[in-house]
Amino acid sequence: TEAAKAIMTTDTKKKEVAVQIEIGGKTVTVGGMCKGSGMIHPNMCTMLGFVTTDAKISKKMLQEALSEDVKDTYNMVSVDGDTSTNDTVLLLANENPEITEKGEDYETFKAALNYINTTLAKKIAGDGEGATALFEVKIIGAESKEQAVTLSKSVVTSSLTKAAIYGHDANWGRILCAMGYSGAKFDPEKVDLFFESKAGKIQIIENGVAVDYSEEEATKILSEEAVTAIADVKMGDATATAWGCDLTYDYIKINADYRS
């Protein structure tokens, strides 16, 4: 959002980010850092996140904002599908006029918090063990948020799809397959699928059927450090985005040779 665009610092190598926003006529800062690269999967994983701000906001409003935001940020990340029991996200605040109820200042704070959490979530996914690429999956045109979340998570956690991303292979069958076994109901004969990166955007299937696309162009797009798959299921207006990474030889090496 406009309120959260004033980026103070965002290091592409380090998992940290900060923004400045205006609340109650004062400039305040929201910043965060996180840790995690393996055993990363929604809800319970070996990740740690710490977000701080000098915006004073009540404990109740702070908890509500964080609890709502993690659903669309950290809980939409999967590196390897493995979970653990020691994940933590802390949000600390102090100073300045206190936010005690919903309103313009609260919405501004939430926008900044979402920017921080989304950025950190993507950094965790892109820094997955052995990863060479951040893999983003967007489901659009869903009939409900729940359906979109289920579909996007199923694709981003598919080992076959993750391996195809590593191979820069536009294997749309693996994506449709992952959507199909997700449990969410949709019509595969209505799905449009696109791949996108900073190298461009290409449509792979239309209404469930492969279009006449350039394999060379698709490989070029899939060879970037951040790749997005966009699937339009044409059932409504709901959307969801999940983040993961490619599955590489190095992931096996890291988790097979860790004792040596």
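Described below are features of the structure shown in this document. (Residues numbered from 1 in each chain as written. Predicted model: local features only at pLDDT ≥ 70, side-chain atom pairs only at ≥ 80, totals over all residues. Heavy atoms only, no water.)

### What to know about the overall build of the protein
The number of helices and strands found in the protein is 7 helices and 11 strands. For a compact globule of 260 residues, the expected C-alpha radius of gyration is about 18 Å, and the protein comes in at 19 Å, within 12% of that figure. If you take every contact in the protein between residues at least 6 apart in sequence, the share linking residues at least 24 apart comes to 72%. Approximately 13,000 Å² of the protein is accessible, and the part contributed by carbon and sulfur atoms is 48%. Taking the average location of the 27 positive side-chain charges in the protein and that of its 40 negative ones, the two points are 4 Å from each other. (Helix = DSSP H or I, 4+ residues; strand = E, 2+ residues; numbered from the N terminus. Rg over C-alpha atoms; globule rule 2.2 N^0.38 Å. Contact = heavy atoms within 4.5 Å. Areas by Shrake-Rupley, 256 points an atom, 1.4 Å probe, with all protein chains shown as cover. Lys, Arg positive; Asp, Glu negative; His and termini not counted. Charge placed at Lys NZ, Arg CZ, Asp CG, Glu CD.)

### Digging into helix α6 (residues 215-222)
Taken together, the buried positions of α6 are Ala218, Ile221 and Leu222. End-on, the buried residues of α6 take up no more than an arc of 95°, which puts them together on one face. Turned more than 90 degrees away from the buried face of α6 sit Glu216 and Lys220, all of them exposed. Here the buried face of α6 lies against α4 (159-166), β7 (192-197), β8 (200-206) and β10 (226-232). (Buried < 20%, exposed > 50% of the residue type's maximum accessible area, 1.4 Å probe, protein only. Arc of directions from axis to C-beta.)

### Examining the nonpolar core
For soluble globular proteins, nonpolar side chains are generally found buried alongside one another. Among the nonpolar cores identified, the biggest contains 70 residues, and Val30, Tyr74, Phe109, Ile139, Met179, Val191 and Phe195 are the most heavily contacted of them. Sorting elements by how many residues they give to this core places helix α2 (residues 104-126) first, with 9 residues. Ignoring any residue separated from it by four or fewer positions in sequence, one finds phenylalanine 109 in contact with Ile21, Ile23, Val30, Thr53, Ala55, Ile57, Leu62, Ala65, Leu91 and Ile99. (Core = buried A, V, L, I, M, F, W, Y, C linked by side-chain atoms within 4.5 Å.)

### What about the pairing of strand β2 (residues 16-23)?
Inspection of the sheet shows β2 paired to strand β3 (residues 26-35) by 8 bridges, in the antiparallel sense. When the sheet's bridge partners are listed, glutamate 22 is paired in β3 with threonine 27. From the end of β2 to the start of β3, which pair antiparallel, there are 2 residues, and glycine 24 there has a positive phi angle of about 60°. (Pairing = 2+ DSSP bridges.)

### Side note on the packing of aromatic side chains
Taken as a whole and assessed by the stated rule, the structure comprises 1 aromatic pair. Look at tyrosine 166 and tyrosine 249: their rings are 5.7 Å apart centre to centre, the planes differ by 85°, and that puts the pair in the edge-to-face class. With tyrosine 166 in helix α4 and tyrosine 249 in helix α7 (residues 249-256), the pair connects residues that are 83 residues apart, well separated along the chain. For tyrosine 166, a relative accessible area of 30% puts it in the partly exposed group. A relative accessible area of 60% means that tyrosine 249 is categorised as exposed. A cation sits over an aromatic face here: lysine 201 above phenylalanine 194, 5.0 Å from the ring centre. (Phe/Tyr/Trp six-rings, centres within 6.5 Å; stacked < 30°, edge-to-face > 60°. Lys NZ or Arg CZ within 6 Å of the ring centre and 35° of its normal.)

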